[in-house]
Amino acid sequence: MLKVIINGEDKRVSPGSVADMVRALGFQPEKLAVERNREIVPRSMLGEVMVADGDMFEIVHFVGGG
Amino acid sequence: MTDSSPDTWSVAGQTFTSRLIVGTGKYKDFAENAAALKASGAEIITVAVRRVNVSDPSQPMLTDHISPKDYTFLPNTAGCFTADEAVRTLRLAREAGGWDLVKLEVLGEAKTLYPDMRETLKATETLVAEGFKPMVYCVDDPIAAKQLEEAGAVAIMPLGAPIGSGLGIQNRVTIRLIVEGAGVPVLVDAGVGTASDAAIAMELGCDGVLMNTAIAEAKEPIRMAEAMKLAVQAGRHSYLAGRMGLRRYADPSSPLAGLI
């Protein structure tokens, strides 16, 4: 298992792509945006970029707002 | 305006008929929110960008109830207090939605939610350089508005009053001066409390009005959404029609000749 931080929380995830990680968390990658170590991971690359030990992720979506 | 030429407005190359932009915050639930959007006739809606709840992926999502196929989503930077945070948020928004048209707001302090214009201008320059089309929330200052336009803002969105206050248009003179000086659309963003406030913004010549709380916190949000739609239309017609002049004293509407 890899130790990562997702949205400020410590998590342990299986090795794999960012898309694999997002799906394992229970989300659909196509509804989200992902930042890895403060760099955007383009949606087209989510299946190719591999999660590394110590990575920091921000996973966001749209919510109601004014 | 004639019946053959619809009264539309354009921002960043996109043309819209509705001049009312509404927010999607503070509603009781997504169903009420969706119904209010429909009643408002809005074509553009604002949305915020926030972390997903990692511990509860089953929570309902906005996009399951309100579709980007039905509305132009305008992602905002609400809650950002620096240019860096705002730009970072919008880079994520662009990735989540794929749109360049965004609403920039950089706040100066939590109490008033007044814009920090130094950071706002800085963020505008960065966003424009990165290909974004920012509609920019700002102070009601004609000089600041000009500077934003020069920096590449695609719309100027001065506050009528503090965000969420419902105090109405506090300074009609500055809003009018911004409208007169702008080469891009001007929309009053923030401060509208009731339908007459929206009409006043439109009578001042604004291209549109953006609001959230005035609808969401009305006792009947769906009815208020309809009221706002009509107020924006009424104010727009009134502006185009050209109001009568002001007189200091009375002037009878019935003829004086022929009195018995």
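Preceding block: the structure.
Residues numbered from 1 in each chain as written. Chains lettered and ligands numbered in written order. Predicted model: local features only at pLDDT ≥ 70, side-chain atom pairs only at ≥ 80, totals over all residues. Heavy atoms only, no water.

All names here are of chain B. Those residues of helix α1 (residues 30–40) lying buried are E32, N33, A36, L37, A39 and S40. Down the axis, α1 shows its buried residues gathered within 165° of arc, on one side only. Residues of α1 that are exposed and point over 90 degrees away from its buried face: A31 and K38. Capping the start of α1, D29 holds a side-chain oxygen 3.2 Å from the backbone nitrogen of A31, two or three residues further along. Residue G41 follows α1 closely and has a positive phi angle near 70°. (Buried < 20%, exposed > 50% of the residue type's maximum accessible area, 1.4 Å probe, protein only. Helix = DSSP H or I, 4+ residues; strand = E, 2+ residues; numbered from the N terminus. Arc of directions from axis to C-beta. Polar contact = N/O pair within 3.5 Å; in protein donor to acceptor, adjacent residues only side chain to side chain.)

Within the largest apolar cluster, 64 residues are counted, with the highest numbers of intra-cluster contacts made by B:I156 and B:M211. Element by element, the count of residues in this core is highest for helix α3 (residues 83–97) of chain B, at seven residues. Sequence-distant contacts of B:M211, that is, excluding residues within four places in its chain, are made with B:L20, B:I21, B:V22, B:G23, B:V192, B:A198 and B:M228. Counting 21 residues, the second-largest nonpolar core is a separate cluster that includes A:L2, A:V18, A:M21 and B:V52. (Core = buried A, V, L, I, M, F, W, Y, C linked by side-chain atoms within 4.5 Å. Contact = heavy atoms within 4.5 Å.)

As a further point, take the pattern of salt bridges. Applying the stated criterion across every chain yields a total of 19 salt bridges over all chains. In this structure, A:E9 and A:K11 form a salt bridge, with 3.7 Å as the shortest nitrogen-oxygen distance. We classify A:K11 as partly exposed; its relative accessible area is 23%. One salt bridge in this structure joins B:D251 and B:R247, with 3.6 Å as the shortest N-O distance. (Salt bridge = Lys/Arg side-chain N within 4 Å of Asp/Glu carboxyl O.)

This part takes up the interface of chain A and chain B. Contact with chain A, which involves 26 residues of that partner, is made by 31 residues of chain B. Around 2700 Å² of area is buried between chain A and chain B when both sides are counted, 61% of it from carbon and sulfur atoms. For the pair chain A and chain B, the interface holds three salt bridges. We note a salt bridge from A:K31 to B:D64, for which the minimum N-O separation is 2.6 Å. Counting every contact that joins chain A to chain B gives 14 residue pairs in polar contact (both at pLDDT 80 or more). (Buried area = accessible area lost by both parts, 1.4 Å probe.)

What follows covers the layout of surface pockets. Counted as a void, the largest pocket has a volume near 480 Å³. Lining the largest pocket are 33 residues, and of these A:G66, B:K26, B:I163, B:N212 and B:T213 sit closest to its centre. Only β5 (56–64) of chain A together with β4 (44–51), β10 (208–211) and α8 (213–216) of chain B provide two or more residues apiece to the lining of the largest pocket. (1 Å grid on protein atoms, 1.4 Å probe; cavity = no way out; pocket = protein on both sides within 12 Å on 5 of 7 lines; lining within 4 Å. Points joined across faces, edges and corners; volume = space filled by probe spheres on them.)

Turning our attention to unusual backbone geometry. With a phi angle near 50°, A:N7 is a residue other than glycine that sits in the positive phi range. Mapped onto the secondary structure, A:N7 falls in the loop between β1 (2–6) and β2 (9–13). Even without glycine at this site, B:A190 takes up a positive phi of about 90°.

A few words on the packing of aromatic side chains. Tallied over the entire structure, the rule returns four aromatic pairs over all chains. Each ring, one from B:W9 and one from B:F16, has its centre 5.8 Å from the other, and the planes form 40°; the classification is tilted. For B:W9, a relative accessible area of 3% translates into the label buried. Classification of B:F16 as buried rests on a relative accessible area of 5%. Plain terms: the ring middles of B:F73 and B:W99 are 5.5 Å apart, the flat faces sit at 45° to each other, and that makes the pair tilted. Of this pair, B:F73 sits in strand β5 (residues 72–75) while B:W99 sits in the loop between α3 and β6 (101–104), and the two are 26 residues apart along the sequence. In textbook terms, an aromatic cluster arises when at least three aromatic residues are bridged by ring pairs, as seen for A:F62, B:F73 and B:W99. Directly above the ring of B:F132 sits B:R94, whose terminal nitrogen or CZ lies 3.7 Å from the centroid. One Lys or Arg, B:K103, reaches over the ring of B:Y137 and ends 5.8 Å from the middle of that ring. (Phe/Tyr/Trp six-rings, centres within 6.5 Å; stacked < 30°, edge-to-face > 60°. Lys NZ or Arg CZ within 6 Å of the ring centre and 35° of its normal.)

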